[in-house]
Amino acid sequence: MSQLTDGFGRSFPYLRLSLTEACNFRCSYCLPDGYRADGRPRFLAVDEIARLVRAFAMLGMTKIRLTGGEPSLRKDLDEIIATVASVPGIRKVAITTNGTLLPRRLPGWHRAGLTALNVSMDSLQRERFRTITGHDRLPDIQQGLEMAQALGLPAIKLNAVLLRGLNDDELPQWMDFLRDRPFSVRFIELMRTGDNEAYFQRHHLRADVVIEQLLAAGWHERPRAADAGPAREFSHPQHRGTVGIIAPYSRDFCKGCNRLRVTAKGDLRLCLFGEFGVPLRPLLQSDDDQDALLARITTQLGLKAAGHGLHQGQTGLTPHLASIGG
């Protein structure tokens, strides 16, 4: 049972841990000019990650998602996965990746203890994919997904950011794609960040539009599990795959919040769009600091707000999603 609860009765069994801010894509909605290092301190090392995950597990956390930037850029990723998977109490180790290195590296991650895979795939059309991401790598990703199926990974999800005028007419193609594939596709409503206001105004599409199309095509919303996160799930009797909708601008979106975040430099973020970060890294240098680390984490949860300020245009500390892993 998670001891991580806030003042609004929400519990947090799930940590999104960023491993790096670097990314090798140039997605138009995130890092259109590519990643530029800022020369500040290095990202969390394996021993720091081990202490961090042990502390969260002691507080009842059971799932860790490794994010970025692009986590596959870490050469020690196999070691990180094995370290996280070996922590008592951790039952799920997931990764969110752009998928380009899956054909080469997925078997190693799987051996190390990876149990779930999320792959960013903003279009099923190769030329559109190149336009959105800056890279013609869709065939590599598709090969990696076939490998993930062959390895028997129990959870495979695809993330597609909804972009008006760029990929908003692909729902019929996605439905065909899901007919025989047991994947979950997550359509994510574009979010305002600190540096994408003009892009947001041009390409933002309300997720309600997709929900209406799904319902019209005979898809049905699935009952919400008690421990479900913010995604609304839809299924169809003639399709093996499912569709999830992540709509941060919808009413009550934050009511289902069940995750905390730690940045690649060790700051606890209570909300993706929060106004402050809590430095944990000073308490990750020695096992002797474990009690202080546990106290800092639990104390900070009392400061978690009921919801984000996106409706008021408040994007908090987040300049772009690569900086914290979405």
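The sections below set out a description of the structure shown in this document. No experiment lies behind these values; they were computed from the predicted model shown.

Glancing now at the nonpolar core. Within the largest apolar cluster, 85 residues are counted, with the highest numbers of intra-cluster contacts made by Leu17, Phe56, Leu66, Met121, Phe187 and Ile245. By residue number, the principal contributor to this core is helix H1 (residues 46-58), which donates seven residues. Sequence-distant contacts of Leu17, defined by excluding residues within four places in its chain, comprise Leu44, Ile49, Leu52, Val53, Ile64, Arg65, Leu66, Thr67, Val262 and Thr263.

All right, on to the packing of helix H2 (residues 77-85) against helix H3 (residues 102-112) then. At a closest axis distance of 8 Å, the pairing of H2 and H3 adopts a crossing angle of 25°. If you check the angle between H2 and H3, you find them roughly parallel. Where H2 crosses over H3, the two elements pack in a sense that is right-handed. Across the interface between the two elements, Leu77, Asp78, Ile81, Ala82 and Ala85 of H2 pack against Arg105, Gly108, Trp109 and Ala112 of H3. Its residues assigned to classes, the contact of H2 with H3 comprises six nonpolar, one polar and two charged.

Here we take up the pattern of salt bridges. Applying the stated criterion to the full structure yields 15 salt bridges. Between Arg51 and Asp287 there is a salt bridge; the shortest N-O distance is 2.9 Å. Note that Arg51 is positioned in helix H1 and Asp287 in the loop between strand E12 (278-279) and helix H9 (290-301), a separation of 236 residues in sequence. Here Arg51 falls in the buried class, since its relative accessible area comes to 17%. One salt bridge in this structure joins Asp136 and Arg126, with 2.7 Å as the shortest N-O distance. With Asp136 in the loop between helix H4 (126-133) and helix H5 (138-151) and Arg126 in helix H4, this residue pair connects regions lying 10 residues apart in the sequence. If you follow the salt bridges from partner to partner, you end up with Asp47, Arg51, Arg54 and Asp287 in one network.

A word on the side chain of Ser184. Among the structural elements, Ser184 can be located in strand E6 (residues 184-189). Of note is the side chain of Ser184, whose polar atom sits 3.4 Å from the side chain of Arg186. Residues within four places of Ser184 in sequence aside, it is in contact with Ile156, Lys157, Leu158, Glu233, Thr242 and Gly244.

This brings us to the sheet that holds strand E2 (residues 63-67). In space, the 12 strands of this open sheet follow the order E7-E8-E9-E6-E5-E4-E3-E2-E1-E10-E11-E12, with mixed pairing throughout. Every other strand in the sheet has two partners, leaving strand E7 (220-221) and E12 as the edge strands with one partner each. Here E7 pairs with strand E8 (residues 232-235) via two bridges, running antiparallel. Bridging across to E8, Glu221 finds its partner in Phe234. Along the sheet face, H1 touches strand E1 (14-18), E2, strand E10 (259-262) and strand E11 (267-269) and points at about 165° away from the line of E1.

Before going further, it helps to spend a moment on the pairing of E1. Burial runs high along E1: five of the five residues are buried. The sheet contact formed by E1 and E2 spans five bridges and is parallel. Across the sheet, the residue bridging to Leu15 is Ile64, located in E2. As defined by bridge partners, E1 adjoins E10 across four bridges and the pair is classed as parallel. Paired with Leu17 across the strands is Val262, a residue of E10.

Scoring rules and cut-offs
Residues numbered from 1 in each chain as written. Predicted model: local features only at pLDDT ≥ 70, side-chain atom pairs only at ≥ 80, totals over all residues. Heavy atoms only, no water. Core = buried A, V, L, I, M, F, W, Y, C linked by side-chain atoms within 4.5 Å. Buried < 20%, exposed > 50% of the residue type's maximum accessible area, 1.4 Å probe, protein only. Helix = DSSP H or I, 4+ residues; strand = E, 2+ residues; numbered from the N terminus. Contact = heavy atoms within 4.5 Å. Axes fitted to C-alpha atoms, helices over the stretch in contact; angles between N-to-C directions. Parallel < 35°, antiparallel > 145°, perpendicular 65-115°, else oblique. Left-handed = near helix turned anticlockwise from the far one by under 90°. Nonpolar A, V, L, I, M, F, W, Y, C, P; charged D, E, K, R; others polar. Salt bridge = Lys/Arg side-chain N within 4 Å of Asp/Glu carboxyl O. Polar contact = N/O pair within 3.5 Å; in protein donor to acceptor, adjacent residues only side chain to side chain. Pairing = 2+ DSSP bridges.

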